[in-house]
There are 2 protein chains.
Amino acid sequence: MGLQPHSAGCRAREILDRVGDKWSLQVIALLGERTKRFTELKREIDGISQRMLTVTLRGLERDGIVTRTVYPVMPPRVDYSLTPLGATLMDAANALVSWAESHLDQIDAARADYDARLAETDALKRTS
Amino acid sequence: MGLQPHSAGCRAREILDRVGDKWSLQVIALLGERTKRFTELKREIDGISQRMLTVTLRGLERDGIVTRTVYPVMPPRVDYSLTPLGATLMDAANALVSWAESHLDQIDAARADYDARLAETDALKRTS
DNA sequence: CGGGATCCCGTAGGATACTG
DNA sequence: CAGTATCCTACGGGATCCCG
């Protein structure tokens, strides 16, 4: 189970192909709170275009992660919510988010360190 | 903690920016087995170009997730291995991989269902 | 309001050739 | 062996306009 040699690559790929894009996890997170409308999501996700919100929601709906409910009224009203499957996905994603919250500072430190060493190396090259 | 409303979006983004790319998780998975050489990784990761393996490894090294050890011999020899930080990331990623293993069939089913309904709807349109 | 249709661009990433 | 250097293309995704 888990990150195994042979199967891991492809399985990990498959899931990242679905939720590894720019917006899916944010949509899932917000729908995890409660059912929301299109405009509500758009307002809460900073920087998303309506096109990408539509595309993202369609993809999640197709994968059975969110449900889409259309009310035939004027003006139109569409509700989105997480399916049970979507809820389990959100739980799994939490592990990564938690990891991020507790280790991102270490990554930032490692980066700064790496960049500093690199700059130093480059400086030596220019001297020679 | 976890996938929370406001912080979730950005935190989730930050981690996906680092491991959400096409190859990082596979590299991490393989280095989780043991220390490996460049060519070894290239041989085991199907479809990766040497350019992308280099780029991926550099990024992971910069983020403190893998270490790079160069032996000054001819021909060159470079070993890569997971850092402790990288090991914790691998553990976290396992949650997603496990989820994938147990739910990907549900997603495939949902997709087939969605596509079938869509084709049906389109057929009706063409009739009218 | 909740999209669909177009146009457009930046960039991730593949193929290939060269090097210490 | 383990890269680096170019070149080039596919596609994710933004901006804009239109429509029921």
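The model shown is predicted, which means the values in this text are computed figures rather than measured ones. (Residues numbered from 1 in each chain as written. Chains lettered and ligands numbered in written order. Predicted model: local features only at pLDDT ≥ 70, side-chain atom pairs only at ≥ 80, totals over all residues. Heavy atoms only, no water.)

S.K.: What am I meant to see in the overall build of chain A here?
M.R.: Along chain A, the regular secondary structure elements total five helices and three strands. For chain A, the succession of helices and strands along the chain, N to C, is α-α-β-α-α-β-β-α. Here chain A holds 128 residues, and the buried ones make up 44% of them. In chain A, the proportion of contacts linking residues at least 24 apart, taken out of those at least 6 apart, comes to 41%. Summing over all exposed atoms, chain A offers an accessible surface of approximately 6,900 Å²; the carbon and sulfur share of this is 55%. (Helix = DSSP H or I, 4+ residues; strand = E, 2+ residues; numbered from the N terminus. Buried < 20%, exposed > 50% of the residue type's maximum accessible area, 1.4 Å probe, protein only. Contact = heavy atoms within 4.5 Å. Areas by Shrake-Rupley, 256 points an atom, 1.4 Å probe, with all protein chains shown as cover.)

S.K.: How should the protein's contact with DNA strand C be read in this particular structure?
M.R.: In the vicinity of DNA strand C, 19 residues are found, and the nearest of them are A:T39, A:R68, A:Y80, B:R51 and B:P76. Near-protein atoms of DNA strand C (within 4 Å) split between backbone and bases, with sugar and phosphate holding 69%. Within the backbone of A:P76, an N or O atom sits 3.4 Å from a sugar or linking oxygen of DNA strand C. At the level of secondary structure, the elements contributing two or more residues to the surface near DNA strand C comprise α3 (38-44), α4 (50-62) and β3 (77-82) of chain A together with α4 (50-62) of chain B. Of all the elements, α4(A) adds the most residues to the surface near DNA strand C, at four residues. Broken down by class, the residue content of the surface near DNA strand C amounts to eight nonpolar, five polar and six charged. (Near = heavy atom within 4 Å. Polar contact = N/O pair within 3.5 Å; in protein donor to acceptor, adjacent residues only side chain to side chain. Nonpolar A, V, L, I, M, F, W, Y, C, P; charged D, E, K, R; others polar.)

S.K.: For this particular structure, what's the right way to read the pattern of salt bridges?
M.R.: Note on pairing: side chains with opposite charge can pair once their charged atoms come close. Summed over all chains, the structure comprises 16 salt bridges over all chains. With a closest N to O distance of 3.7 Å, B:D108 and A:R18 form a salt bridge. Taken together, the positions of B:D108 in helix α5 (residues 84-127) and A:R18 in helix α1 (residues 5-19) put the pair across two chains. Taking the relative accessible area as the measure of exposure, B:D108 reaches 39% and is therefore partly exposed. A:R18 sits in the buried class, given a relative accessible area of 11%. Between B:R34 and B:E40 there is a salt bridge, with its nearest N and O atoms 2.8 Å apart. On the basis of relative accessible area, B:E40 is assigned to the buried category, the value being 16%. By sharing partners, the salt bridges in this structure join A:E33, A:K36 and A:E44 into a single network. (Salt bridge = Lys/Arg side-chain N within 4 Å of Asp/Glu carboxyl O.)

S.K.: Could you clarify how one ought to interpret the relation of the copies chain B and chain A in this entry?
M.R.: The second copy of the chain is related to the first by a rotation about an axis and a shift along the axis. For the match of chain B to chain A, the screw axis carries a shift of 0.0 Å, the RMSD comes to 0.0 Å, and the turn is 180°. What the rotation and shift describe, once combined, is the action of a two-fold rotation axis. Taking C-alpha positions as the reference, the residue of chain B nearest the rotation axis is B:G20, at 2.8 Å. Both copies share a contact surface, since 100% of the interface residues of chain B are interface residues in chain A too. (Least-squares fit on C-alpha atoms with pLDDT ≥ 70 in both.)

S.K.: Please explain the sheet that holds strand β1 (residues 36-37) of chain B as it appears in this structure.
M.R.: Residues and elements named next belong to chain B. Pairing within the open sheet is antiparallel, and its three strands lie in the order β1-β3-β2. Two strands lie at the open edges of the sheet, namely β1 and β2 (66-71), each paired on one side alone. Note that β2 and strand β3 (residues 77-82) share six bridges and pair antiparallel. Paired with V66 across the bridge in β3 is L82. Contacting β1, β2 and β3, helix α2 (residues 24-33) runs over the sheet at an angle of about 95° to β3. α4 rests against β2 and β3 of the sheet, and its axis sits at about 115° to β2. (Pairing = 2+ DSSP bridges. Axes fitted to C-alpha atoms, helices over the stretch in contact; angles between N-to-C directions.)

S.K.: I'm lost on the sheet that holds β3(A) in this one. Help?
M.R.: Residues and elements named next belong to chain A. With antiparallel pairing, three strands are arranged side by side in an open sheet as β1-β3-β2. Two strands bound the open sheet, and with one partner strand each, they are β1 (36-37) and β2 (66-71). Against the sheet, helix α2 (residues 24-33) touches β1, β2 and β3, its axis set at about 95° to β3. Across the face of the sheet, α4 comes into contact with β2 and β3 while running at roughly 115° to β2.

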